[in-house]
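Per-entry structural report
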Amino acid sequence: MTMPFAGGIDANANATLIFSLVAAVIYAFTLGMPQSLARSAAKTLSVAMLAVLSALQGGPLLLVVALAFSAVGDAFLSRDGEKAFLGGLASFLVAHIVYIALFLRSGGGLGLLGAESWRGAIALALAVFVVVMLAALWRRVGPSLRIPIAFYVVAILAMGMAALTTNSAWVIGGAVLFMASDGLLATEKFLVAAISPHRAWMRFAVWVLYYAAQFAITLGFLLG
C-alpha cells in the first residue's frame, strides 16, 4: 500500500493521517445522530490530527496554528446554539487570517492575480460568489449576526485570494473547496427551510468539502 510519507503504514506521519481520515469518516456517518461527546470528538480530531501531522513533519508553524484553530472551531460547531456558532465563527476567522498570512508568505505576491489570467478569473469568480452570498445572508440573519458574518465573509475571500498567489494546485484547490463548504453551510443554516429534506445531504456535503479542503491544504504544504 503506497503511503504519502516515508516509512509505510507504521510510520507516525502515515498513522496520524489515517487516524484523521478515520475520524472524518466516523463523523460523516454520524451526522444524522443526536449531539454527543463522541460525535464532537470525532469532528474535532479529524482536523486536530492534521495539525499534529503538520507538526510531526516540520510543516510551517502558521499551518499548524491554522489547523489548530480550525479544530477548535469544529468543536464549537459540533454543538447547537448561537453562542456555539459565534465561537466557531471566531475560531475560523482566526484560522483564515493565519491561512492568509501563510499563503501570502509562501506565494509570489498579489501581482500574480493580474499577471496570469487564470488566477484573475478564479479571483473574480470567488469575489462574485462572496458578494452574492453576503447579499442573500444579510436579509435572513438576525442583526446580532450580520457584522460577525460580514467580517467572516471578507476573511474567506481574502483567504481564497491569498491562496491564488501560491504555486500549489493542492492549496488553491483546498481554498476553493473551503469557500464552497462555507457557502453551502451558510445556505443550509440560514437560507433553507428547517424542514427541508435537502438539509441532510447538504450537511454531508459541507463536511466532505470542508475536510477535503483542510486535507488538500495540509498535503499541499507537507508534500509540495
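Section: the overall build of the chain
Along the backbone of the chain there are 9 helices and 0 strands. Across the chain, helices and strands are ordered from the amino to the carboxyl terminus as α-α-α-α-α-α-α-α-α. Whereas a compact globule of 224 residues would reach a radius of gyration of roughly 17 Å, the chain reaches 17 Å, a difference of no more than 12%. Overall, the C-alpha framework of the chain stretches about 50 × 50 × 25 Å when taken along its three principal axes. In the chain, once contacts between residues fewer than 6 apart in sequence are set aside, the share between residues at least 24 apart is 69%. Put simply, the chain shows about 10,700 Å² of open surface, and 72% of that area lies on carbon and sulfur atoms. Here the chain contributes 12 positively and 7 negatively charged side chains, and the mean placements of these two sets differ by 9 Å.

With respect to the side chain of Gln214
One can find Gln214 in helix α9 (residues 199-222). We classify Gln214 as buried; its relative accessible area is 0%. Every residue in contact with Gln214, bar those within four places of it in the chain, is listed here: Val47, Leu50, Leu67, Ser70, Phe92, Tyr99 and Phe178.

Side note on the nonpolar core
Leu63, Tyr99, Phe103, Ile149, Met159, Phe178 and Trp207 are the most contacted members of the largest nonpolar core, which has 57 residues in total. Among the elements of the structure, α1 (12-29), α2 (37-56), α3 (61-77), α4 (82-106), α6 (117-140), α7 (143-163), α8 (169-191) and α9 are those that each provide at least two residues to this core. The element that contributes the greatest number of residues to this core is α7, accounting for 10 residues. Discounting residues that sit within four places of it in the chain, Leu63 has contacts with Ser54, Tyr99, Leu102, Ile217, Thr218, Phe221 and Leu222. In terms of nonpolar packing, the next biggest core, distinct from the first, is built from 5 residues, Leu184, Val192, Met202 and Val206 among them.

Some remarks on the packing of aromatic side chains
The description of two aromatic rings rests on the distance between their centres and on the angle between their planes. The tally for this structure, following the rule as stated, stands at 11 aromatic pairs. The interplanar angle of 65 degrees and the centroid separation of 4.7 Å between the aromatic rings of Tyr27 and Trp207 together place this pair among those described as edge-to-face. Of this pair, Tyr27 sits in helix α1 while Trp207 is found in helix α9, placing the two residues 180 residues apart along the sequence. Each member of the pair, Tyr27 together with Trp207, is buried. Here the aromatic residues Tyr27, Phe92, Tyr99, Phe103, Phe178, Trp207, Tyr210, Tyr211, Phe215 and Phe221 are joined through ring pairs into a cluster of three or more.

Some points on the environment of Ala75
For Ala75, the location among the structural elements is in helix α3. Assessed through its relative accessible area of 30%, Ala75 is described here as partly exposed. Note: C-alpha distance between Ala75 and Thr44 (31 residues apart in sequence) is 5.3 Å.

Focus: the packing of α4 against α9
Running from N to C, α4 and α9 point in directions that differ by 30 degrees, and their axes come no closer than 13 Å. Crossing angle aside, the handedness with which α4 passes α9 is left-handed. Taken together, the residues of α9 that come into contact with α4 (itself represented by Phe92, Tyr99, Leu102, Phe103 and Ser106) are Tyr210, Gln214, Ile217 and Phe221. Split by residue class, the contact of α4 with α9 holds 7 nonpolar, 2 polar and no charged.

Basis of the calculations
Residues numbered from 1 in each chain as written. Predicted model: local features only at pLDDT ≥ 70, side-chain atom pairs only at ≥ 80, totals over all residues. Heavy atoms only, no water. Helix = DSSP H or I, 4+ residues; strand = E, 2+ residues; numbered from the N terminus. Rg over C-alpha atoms; globule rule 2.2 N^0.38 Å. Contact = heavy atoms within 4.5 Å. Areas by Shrake-Rupley, 256 points an atom, 1.4 Å probe, with all protein chains shown as cover. Lys, Arg positive; Asp, Glu negative; His and termini not counted. Charge placed at Lys NZ, Arg CZ, Asp CG, Glu CD. Buried < 20%, exposed > 50% of the residue type's maximum accessible area, 1.4 Å probe, protein only. Core = buried A, V, L, I, M, F, W, Y, C linked by side-chain atoms within 4.5 Å. Phe/Tyr/Trp six-rings, centres within 6.5 Å; stacked < 30°, edge-to-face > 60°. Axes fitted to C-alpha atoms, helices over the stretch in contact; angles between N-to-C directions. Left-handed = near helix turned anticlockwise from the far one by under 90°. Nonpolar A, V, L, I, M, F, W, Y, C, P; charged D, E, K, R; others polar.

Read these as layout, nothing more, since geometry by itself doesn't imply function.
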